[in-house]
Amino acid sequence: MDAARLLGAYERMAVVRRTEKAAHDLFLRGLVKGTTHLAAGQEAIAVGASEALRPDDYVFATYRGHHHALARGASPEECLAELMSRATGLCRAKGGSMHLTKAATGMLGSYAIVGAHLPMAVGAAWSARLRGTEQLAVAFFGDGATNIGAFHEALNLAAVWRLPVLFVCENNLYMEYTPIADVTAVPRPAADRAPAHGVPGEVVDGNDVVAVAEAVARLARRARAGDGPAVLEAETYRHYGHSRTDPAAYRPAEEVERWLKHDPLEVARGRLADLGVGEAAVAAAGERARAVVERAVEAAKAAPAPDPREAVTDVWADGGAAWRT
């Protein structure tokens, strides 16, 4: 990744970080209702992966999916408006924080049921295979999903059919509040289990946007060539607790301090310095990100509430029950 491309990736990560901070602040002001799961600290996975994907590839994310929606083309204004239940929201106020979706850019949803979207990604990959498009489906999931049956079912079927799907585990060490290491027999919950299904498993520094982009690009080429699925376990750490109600007091202070020093934005700044990019250029990118999110906050706050009549639109494919049988 050259300097210009890396600077662009840094700016996109800064936009994600500031959008999440805005969501947190808006919640404290009573403008965001319901549960919100922030992905601050995990930006390099979403941005790095998107750097390596085609615009028409498919992405499936978890309820902690703001960074994926933004990385795949959703604007900060669309996302914040959705969180604030505005008519201009990404899903017109029907999805909220846990269901950000923008099908036009390949962001095929965030899913609240742990592991439920992995078989969906397999289906999307199967569709791409049938249509001969060489599209890739990517399922992002947390470490806790590796203890869900759908994880193993999805890997098995994807391997049997050699489908173009990539499974990316965002291993932030905790499955909600429980350390994944306390309840899993292998040290790498995703990568170590992949070989049992005949699927290659790799581990990458999930806080290094360059390392993520390179790994995803290589595995994507492999999948498009017909060599089947792969598992990429990205090691990362969330800055906040599991959700807005979680102070994360269960995490050791020294662990938190160690990971905060390995912040994705700091890692990218270090790489930019190594490539000769000056502090002024990096600061300017950060300033552009700040301005974008500040404008998004004001626009979302000023947006109208949704029309109640829209509550019954876009619910069923055709309004009938025939499709269910």
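Please read all numbers here as calculations on a predicted model, not as lab measurements.

### Regarding a nonpolar patch on the surface
Now for step 1: On the surface, W126, L130, L157, V160 and W161 cluster together to form a nonpolar patch covering roughly 510 Å² of accessible area.
Now for step 2: Of all elements in the fold, only α5 (117–131) and α6 (149–160) reach the threshold of two or more residues within the nonpolar patch.
Now for step 3: In this structure, W126 sits in helix α5.
Now for step 4: Residue classification places W126 among the partly exposed positions, given a relative accessible area of 42%.

### Details of the pairing of strand β4 (residues 165–171)
Now for step 1: Burial runs high along β4: seven of the seven residues are buried.
Now for step 2: Neither face of β4 is left uncovered, since the one carrying V165, F167, C169 and N171 and the one carrying L166, V168 and E170 both have all their residues buried.
Now for step 3: Two strands pair when backbone bridges link them, and strand β3 (residues 137–142) and β4 are joined in this way by six bridges, in the parallel orientation. Bridging from a neighbouring strand, F141 pairs with C169 of β4.
Now for step 4: Handedness of the crossover is the feature at issue here: the chain leaves β3, passes through α6, returns alongside β4, and the resulting connection is right-handed.
Now for step 5: Strand direction decides the pairing type here: β4 and strand β8 (residues 230–235), joined by six bridges, are parallel.

### Some words on the sheet that holds β3
Now for step 1: If you walk across this open sheet you meet the six strands as β2-β1-β3-β4-β8-β7, and the pairing is parallel. Looking at the sheet topology across the chains shown, the edges are occupied by β2 (107–111) and β7 (201–205). Each strand of the sheet is rotated relative to its neighbour by a mean of 20°, with strand direction disregarded.
Now for step 2: Of the pairings in the sheet, the one linking strand β1 (residues 58–62) to β3 comprises three bridges and is parallel in character. Residue V59 lies in a different strand from β3, and its bridge partner there is V138.

### A closer look at the pattern of salt bridges
Now for step 1: Overall, the coordinates contain 20 salt bridges when judged by the stated rule.
Now for step 2: Among the ionic pairs, R12 bridges to E51, the shortest N-O distance being 2.1 Å. Taken together, the positions of R12 in helix α1 (residues 3–28) and E51 in helix α2 (residues 43–52) put the pair 39 residues apart, joining distant regions of the chain.
Now for step 3: Judged by its relative accessible area of 37%, R12 is partly exposed.
Now for step 4: We classify E51 as buried; its relative accessible area is 17%.
Now for step 5: A salt bridge links R290 to E294; the nearest nitrogen and oxygen atoms lie 2.6 Å apart. Of the two residues, R290 and E294 both sit in helix α10 (residues 279–302), four residues apart, roughly one turn of that helix.
Now for step 6: Within this structure, R5, R12 and E51 form a network of salt bridges that share partners.

### So, the side chain of D263
Now for step 1: Within the fold, D263 resides in the loop between α8 (253–260) and α9 (264–274).
Now for step 2: You can call D263 buried: its relative accessible area is 7%.
Now for step 3: Within polar-contact distance, the side chain of D263 engages the side chain of H239 at 3.4 Å.
Now for step 4: What D263 contacts, discounting residues up to four positions off in sequence, is R17 and H239.

### Here's the deal with the packing of helix α4 (residues 76–83) against α10
Now for step 1: The contact between α4 and α10 brings their axes to 8 Å, and the two run at 40°. Put simply, α4 runs oblique to α10. For the pair α4 and α10, the sense of crossing is right-handed. Contact residues: α4 offers P76, E77, L80 and A81, while α10 offers V292, A296, V297, A299 and A300.
Now for step 2: Residues of the contact of α4 with α10, tallied by class, amount to eight nonpolar, no polar and one charged.

Parameters at a glance
- Residues numbered from 1 in each chain as written.
- Predicted model: local features only at pLDDT ≥ 70, side-chain atom pairs only at ≥ 80, totals over all residues.
- Heavy atoms only, no water.
- Patch = residues over 30% accessible without salt bridge, like charges linked within 9 Å, V, L, I, M, F, W, Y side chains within 5 Å.
- Areas by Shrake-Rupley, 256 points an atom, 1.4 Å probe, with all protein chains shown as cover.
- Salt bridge = Lys/Arg side-chain N within 4 Å of Asp/Glu carboxyl O.
- Helix = DSSP H or I, 4+ residues; strand = E, 2+ residues; numbered from the N terminus.
- Buried < 20%, exposed > 50% of the residue type's maximum accessible area, 1.4 Å probe, protein only.
- Pairing = 2+ DSSP bridges.
- Right-handed = clockwise from strand over helix to strand, strands pointing away.
- Axes fitted to C-alpha atoms, helices over the stretch in contact; angles between N-to-C directions.
- Polar contact = N/O pair within 3.5 Å; in protein donor to acceptor, adjacent residues only side chain to side chain.
- Contact = heavy atoms within 4.5 Å.
- Parallel < 35°, antiparallel > 145°, perpendicular 65-115°, else oblique.
- Left-handed = near helix turned anticlockwise from the far one by under 90°.
- Nonpolar A, V, L, I, M, F, W, Y, C, P; charged D, E, K, R; others polar.

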